Amino acid sequence: MTTDEKSTEILREEILADAKKKAEEIVMAAQREAEEILAAAAVERSRLTEDHLCRSRNEASRKAELILATVPVETGRMRAARVETLLDSIREEAEQRLKAREGFGYRETVCLLASRAIERMTGADFVVRVPEGDRALLGDDIGDEIKRRTGKTVSLSVRYEQNSENGVIVEDAEARQVWDNRLGKRLERLWPEVRRHIAVEFSFVPKKESGGDGP
C-alpha cells in the first residue's frame, strides 16, 4: 500500500470514529432529554392527581356538610309528620267513641249541653232538637230536666229529628240564635285547643318559658 493510500485510510478511520462519537453523544443527549421529559410528565401527573384528589376531597366534604345540614331539618319534618299522624289517630278515636257514646253518660251530656247553651242565650222561649233515635234513651221528661238545670224561667219544647247526629241543637223560637252542641261539632270546635293541650302535655311541642304553654 502506498503512502497516499495509507493516509487516506487513516483519515477515513478518524472520520468514522468522530462520526460514531458524535452519534453516541446525540443518542445520550436524546436519552437525557427523554428522561427529563418523562420525569417532568411524572411530576405533572402527580400534581394533577393531587389536585384532582384535593378537589374530590373538597367536593366530598362540601356534600357531607350539606347532608349534615339537612339532617336536623329532615329529622324535624319526620317528627312533625309522626306527631300529626298520632294526633289524627287520637281525633279519629275520639270521634268513634263519641259516635258510640262510649265512656260517658249520654243523657247527662245532652242535658248539660242544652242547659249551658240556654244559659248563654237571650230570650225565654227555646227549641231543643235531638235525634229521633234518642227518644227512648232521653225520656219524656228531658225537657223538664234541661229547664231545671238552666236556673232560668223558660219555655222549652223538644223536637226529635231524623238523621241528626248525637248531641243537641238549641235555638230560640225565632231561630235567630242557634247553638249547635252536637258532639261531632263540639269536637270540631274544641279540637284546636284539645290538640294543643295533648301536644304540650306529652311533650310533642315545648312549653313556653313563661306565660303558659306553647301552641
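The structure we're discussing is the one just above.
So, here's what we can say about the structure. Nothing here was measured: the structure is a model prediction, and the numbers come from that model. Per chain, residues are indexed from 1 in the order of the written sequence. Per-residue local features are limited, in this predicted model, to residues with pLDDT of at least 70; the limit for side-chain atom pairs, both in listing and counting, is 80 or more; totals at the level of whole chains, interfaces and linings are taken over all residues. The basis for the side-chain values is all heavy atoms of the structure; hydrogens and waters are excluded.

**Structural notes on the layout of surface pockets**
It is the rolling of a water-molecule-sized probe over the atoms that shows where space remains empty.
Next up, step 1: Two kinds of site are reported from a 1 Å grid over the protein atoms alone, namely cavities, where a 1.4 Å probe fits but cannot get out, and pockets, open sets with protein on both sides within 12 Å along at least five of seven lines, and residues are called lining when an atom falls within 4 Å of a point. Grid points are joined across faces, edges and corners, and a volume is the space filled by probe spheres set on the points. Of the voids in this model, the largest pocket is the one considered here, and its volume is about 190 Å³.
Next up, step 2: Lining the largest pocket are 13 residues; nearest its centre among them are L98, L183, R186, L187 and L190.
Next up, step 3: In DSSP terms, a helix is any run of H or I states spanning at least four residues, a strand is any run of E spanning at least two, and both are numbered starting from the N terminus. Those elements that place two or more of their residues in the lining of the largest pocket are helix 1 (3-99), helix 2 (106-119) and helix 5 (183-201).
Next up, step 4: The dominant element in the lining of the largest pocket, judged by the number of residues it contributes, is helix 5, at seven residues.
Next up, step 5: Taken together, the residues of the lining of the largest pocket sort by class into eleven nonpolar, one polar and one charged. Only Asp, Glu, Lys and Arg are considered charged, only Ala, Val, Leu, Ile, Met, Phe, Trp, Tyr, Cys and Pro nonpolar, and every remaining residue, Gly among them, polar.

**A short note on the nonpolar core**
Next up, step 1: Grouped together as the largest cluster of nonpolar side chains are 20 residues, with contacts concentrated most on I118, V128, V130, L138, I146, V168 and V170.
Next up, step 2: Elements supplying a minimum of two residues to this core: helix 2, strand 1 (125-131), helix 4 (142-150), strand 2 (155-161) and strand 3 (167-172).
Next up, step 3: With seven residues, helix 2 is the largest single contributor of residues to this core.
Next up, step 4: Counting residues in hydrophobic clusters, the runner-up holds five residues, among them V83, L187, W191 and I198. To qualify as a nonpolar core, a set must consist of buried Ala, Val, Leu, Ile, Met, Phe, Trp, Tyr and Cys residues joined through side-chain atoms within 4.5 Å. Burial classification: accessible surface area is computed with a 1.4 Å probe over protein chains only, and a residue below 20% of its type maximum counts as buried, one above 50% as exposed, and the rest as partly exposed.

**Observations concerning the sheet that holds strand 4 (residues 178-182)**
Next up, step 1: Criterion used throughout: strands pair if DSSP finds at least two bridges between them. Here four strands make up an open sheet; going across it, the order is 2-1-3-4 and the pairing mixed. The sheet is open, and its two borders are formed by strand 2 and strand 4, each paired with just one other strand. Shown here is a sheet whose adjacent strand axes are inclined to one another by a mean of 20 degrees, direction ignored.
Next up, step 2: Where strand 3 and strand 4 come together, five bridges link them in antiparallel fashion. Looking at strand 4, one finds that G167 is bridged to R182. Only the contacting stretch of a helix is used when fitting its axis, a line to C-alpha atoms as for every element, and angles between N-to-C directions run 0 to 180 degrees.

**Focus on helix 2**
Next up, step 1: In a helix, the anticipated span is given by 1.5 Å times the number of residues less one. Along its 14 residues, helix 2 runs 20 Å from first to last C-alpha, staying within 8% of the 20 Å computed at 1.5 Å per residue.
Next up, step 2: Taken together, the buried positions of helix 2 are occupied by Y106, T109, V110, C111, L113, A114, S115, A117 and I118.

**Regarding helix 4**
Next up, step 1: Taken as a whole, helix 4 has its buried residues at I142, G143, E145, I146 and T150. End-on, the buried residues of helix 4 take up no more than an arc of 165 degrees, which puts them together on one face. Summarising the geometry of helix 4, the exposed residues directed more than 90 degrees from the buried face are D144 and R148.
Next up, step 2: Throughout, a contact is declared for two residues whenever any of their heavy atoms are within 4.5 Å. The inward-facing, buried residues of helix 4 abut helix 2, strand 1, helix 3 (135-138) and strand 2.
Next up, step 3: Positive backbone phi, at 70 degrees, marks G151, one or two positions downstream of helix 4. Throughout, the arc means the angular range of directions from the helix axis out to the C-beta atoms.

**Thoughts on the pairing of strand 3**
Next up, step 1: With six of six residues buried, strand 3 lies mostly within the body of the structure.
Next up, step 2: Both faces of strand 3 are covered, namely the face carrying G167, I169 and E171 and the face carrying V168, V170 and D172.
Next up, step 3: Taken together, the four bridges between strand 1 and strand 3 define a ladder with antiparallel strand orientation. Considered in strand 3, the bridge of V127 is made with E171.
Next up, step 4: Where strand 3 hands over to strand 4, the hairpin turn is made up of five residues, of which A175 adopts a positive phi near 60 degrees.

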